[in-house]
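A look at the structure
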Amino acid sequence: MIMETSVHIAHFLFIQTANGQSHYYQNYFFNTGASAVAIPGSASPSYRHAPFRVEGALSSLNGENSLLRVLFPHSAFTIALVENGEGNRLSKLSLKTVWMATTGSILDYSGYTKTAEYEEFYVGVGASFDDTTVELRFRSAMDSVGASFPRQTFSSKNVGFLPLNAEISLR
Amino acid sequence: MAVFPSIRPTGRSYSPGQFPTKTYRGLSGATVKRVFGNRSFGHGIDLQFENISDVNTKAILDHYYGQFGNYARFTLPDAVFSGTSSELKGVLQAPTSILWEYAEPPQVESVFNGRSTVTVRLIGELDYSGA
């Protein structure tokens, strides 16, 4: 017998650009009747729909920063998103991957419940454009301290001056 | 919002849209499905206008150029769904959040003096107008 399971997956992202502006977007609920929706079953902030795609988060045993790409359509609001983030080099990103189930119509937002949620944090490291897409690039907010983990803690003695980007290395 | 010319077709076919899903199938044959959106997209309507006048043929071509080909989206008038009940027309004419665009340029076949047969293929896509 073939067993079948369905899961509804949505991304809810929060980007804070360098000028302090907050942007909340989700890529699942389209035209629900409200301009923005919260994560189902939670009292989260409201997220507007945007047709973005998330790709490329990687992690390794060595614990290097994982790289994430968020792809938006090339439109006025995404250009503003990049420019307000100084080319997306100073933006902060919180990405929530939300698994949901629905008991009723797939069209009905009120019928959805959250079954799991995973949150990751990233910092902006740049952006690129082409004629249809704006790509925002992010790296995970903290690097591994490698073989010395967890016997050492971060201090100016072992990492020097705190860097302005996400790359911290032991001295 | 532009509207397709109000001309009654002599033939019409409709295919419903699909939902954004992906399926993983294991070696055992078991499948796991994922859904990535709450709206359907990719609806299709093929229209045939047999032996219509040059005036109506020009109206369709003018509309095609007015929409910059497949660039701008539009709605469909009641005449396109002539012969269907109001309940069915509600489903066919305006699926939720869907606007129509040309899937390909209209095909015009001249059949007699002042008469042409025009075939139009349309697709209905989710219209995202900006965040």
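Below you will find a few notes about this structure.

Once that is clear, we can look at helix 1 (residues 76-84) of chain A. All names here are of chain A. All of the buried residues along helix 1 are F77, T78, L81 and V82. Here the buried residues of helix 1 occupy an arc of 145° about the axis, which is enough to place them on one side. Downstream of helix 1 by one or two residues, E86 has phi in the positive range, about 50°.

Those residues of helix 2 (residues 86-93) of chain B that sit buried are K89, L92 and Q93 of chain B. Each buried residue of helix 2 of chain B sits inside an arc of 85° when the element is viewed along its axis, so together they form one side.

Strand residues, when the strand is regular, have side chains that alternate between the two faces of the sheet. Residues and elements named next belong to chain A. One ladder, built from three bridges, connects strand 5 (residues 53-55) with strand 6 (residues 67-73); its direction is antiparallel. Along strand 6, the bridge assignment pairs V54 with V70. Where strand 6 and strand 9 (residues 133-140) come together, seven bridges link them in antiparallel fashion. Paired with L71 across the bridge in strand 9 is E135.

The rules we used
- Residues numbered from 1 in each chain as written.
- Chains lettered and ligands numbered in written order.
- Predicted model: local features only at pLDDT ≥ 70, side-chain atom pairs only at ≥ 80, totals over all residues.
- Heavy atoms only, no water.
- Buried < 20%, exposed > 50% of the residue type's maximum accessible area, 1.4 Å probe, protein only.
- Helix = DSSP H or I, 4+ residues; strand = E, 2+ residues; numbered from the N terminus.
- Arc of directions from axis to C-beta.
- Pairing = 2+ DSSP bridges.

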